[in-house]
Amino acid sequence: MKNFLASLILLLSFSTLMAQSEQVNLSDSVLVVNGVCGMCQQVIEKAAALPGVEQAQWNKDTKILKFKYNAEQVSIESIYKAVAASGYDTEFLAAPEEAYQNLHDCCKYRDPAVLKDHQ
Ligand SMILES: [Cu+2]
């Protein structure tokens, strides 16, 4: 009985270990991304969701994009480049003017009048 319990415990800890090793490559990270509203949130989260990125969530109040990523699959640099290319300034890279101009009018976070509307 003792042996049975011991092997059961061993088996359980082994499967826990296996489950952990499947997720071990995911790191938590954050990026500051400018934006104003729920539409911005959708575009930012979609842009950030490159292969290897999981649970990308942007908060319009804090301007913080939280995500998990697999560093073997994707780099922080490619994530902020993708977000900037979608029209949103990040802490490391500003969005190209053309991408910014393509944003919906209510999303133009560089415009003081738009920001005032969202307060
Ligand atoms: Cu918006």
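The shown structure was predicted, so the numbers you read here are calculated from the model rather than taken from an experiment.

Peer 1: Can you walk me through helix α2 (residues 38–48) in this structure?
Peer 2: Each full turn of the α-helix corresponds to 3.6 residues, which orients residues three or four apart in the same direction. Taken as a whole, α2 has its buried residues at C40, I44, A47 and A48. Relative to the axis of α2, the buried residues are bounded by an arc of 95 degrees and lie together on one face. Along α2, the residues that are exposed and aim more than 90 degrees away from the buried face are G38, Q42 and K46. Looking at the buried residues of α2, the elements they touch are β2 (53–59), β3 (64–70) and α3 (76–85).

Peer 1: Would you explain the nonpolar core in this entry?
Peer 2: A general tendency of soluble globular proteins is for nonpolar side chains to be buried together. Within the largest apolar cluster, 23 residues are counted, with the highest numbers of intra-cluster contacts made by V33, I44, A48, L65, I79, V83 and Y88. Contributing elements (two or more residues each) for this core: α2, β2, β3 and α3. Excluding residues that lie within four positions of it along the chain, V33 makes contacts with I44, W58, K63, L65, V83, Y88 and T90.

Peer 1: Even after reading the chapter, I still don't get the pairing of β2, so can you show me in this structure?
Peer 2: Residues in a regular strand project their side chains so that they alternate between the two faces of the sheet. Both β2 and β3 contribute to a ladder of five bridges, which runs antiparallel. Looking at the pairing, W58 lines up with L65 of β3. Taking the residues between adjacent antiparallel strands as the criterion, β2 and β3 are bridged by four residues, where K63 takes a positive phi near 65 degrees.

Peer 1: What should I look at first to understand the sheet that holds β2 in this one?
Peer 2: Backbone-to-backbone hydrogen bonds join strands into a sheet, with any given pair of strands oriented parallel or antiparallel. Spatially, three strands are ordered β1-β3-β2 in an open sheet, and the strand pairing comes out antiparallel. The open sheet terminates on both sides in strands that have one partner only, identified here as β1 (26–32) and β2. Recorded for the sheet is a direction-independent mean angle of 15 degrees between the axes of neighbouring strands. Here α2 sits on the sheet in contact with β2 and β3, set at roughly 155 degrees to β2.

Peer 1: What is the right way to look at the packing of α2 against α3 in this model?
Peer 2: How two helices sit against one another is set out by the angle between their axes and by the gap between those axes. Packing of α2 against α3 leaves a shortest axis separation of 8 Å and a crossing angle of 145 degrees. In this structure, α2 meets α3 at a crossing whose hand is right-handed. Along its contact with α2, which presents I44, A47 and A48, the element α3 presents I79, A82 and V83. Of the residues that constitute the contact of α2 with α3, the class distribution is six nonpolar, no polar and no charged.

Peer 1: Would you take a moment to explain the environment of Y80 for this structure?
Peer 2: Tracing the sequence through the fold places Y80 in helix α3. When the C-alpha atoms of Y80 and V33 are compared, they prove to be 8.7 Å apart, with 47 residues separating the residues in sequence. Among all residues touching Y80, those that are not within four sequence positions of it are L31, T90, F92 and L93.

About the cut-offs
- Throughout, residues of each chain are indexed from 1 in the direction in which the sequence is written.
- Reporting in this predicted model follows two pLDDT cut-offs: at least 70 for local features of residues, and 80 or more for side-chain atom pairs to be given and counted; totals over whole chains, interfaces and linings ignore these cut-offs and use all residues.
- Whether a residue is buried, exposed or partly exposed is read from the other C-beta atoms within 10 Å of its own C-beta, which are placed from the backbone; 20 or more gives buried, 12 or fewer gives exposed, and intermediate counts give partly exposed.
- What counts as a helix is a DSSP run of H or I of at least four residues, what counts as a strand is a run of E of at least two, and both are numbered from the N terminus.
- What the arc describes is the spread of directions from the helix axis to the C-beta atoms.
- Throughout, a pair of residues is in contact if the C-beta atoms placed from their backbones lie within 7 Å.
- By convention the nonpolar core is taken to be a set of buried residues drawn from Ala, Val, Leu, Ile, Met, Phe, Trp, Tyr and Cys and joined through C-beta atoms within 7 Å.
- Whether two strands pair comes down to DSSP finding at least two bridges between them.
- Between the N-to-C directions of two axes lies an angle of 0 to 180 degrees, each axis being a line fitted to C-alpha atoms and, for a helix, fitted only over the stretch in contact.
- Each crossing is labelled by how the near helix is turned from the far one, with a counterclockwise turn of less than a right angle marking it left-handed and a clockwise turn marking it right-handed.
- Polar here means any residue outside two lists: the nonpolar Ala, Val, Leu, Ile, Met, Phe, Trp, Tyr, Cys and Pro, and the charged Asp, Glu, Lys and Arg; Gly therefore counts as polar.

Interpretation in functional terms is not warranted from these geometric data alone.
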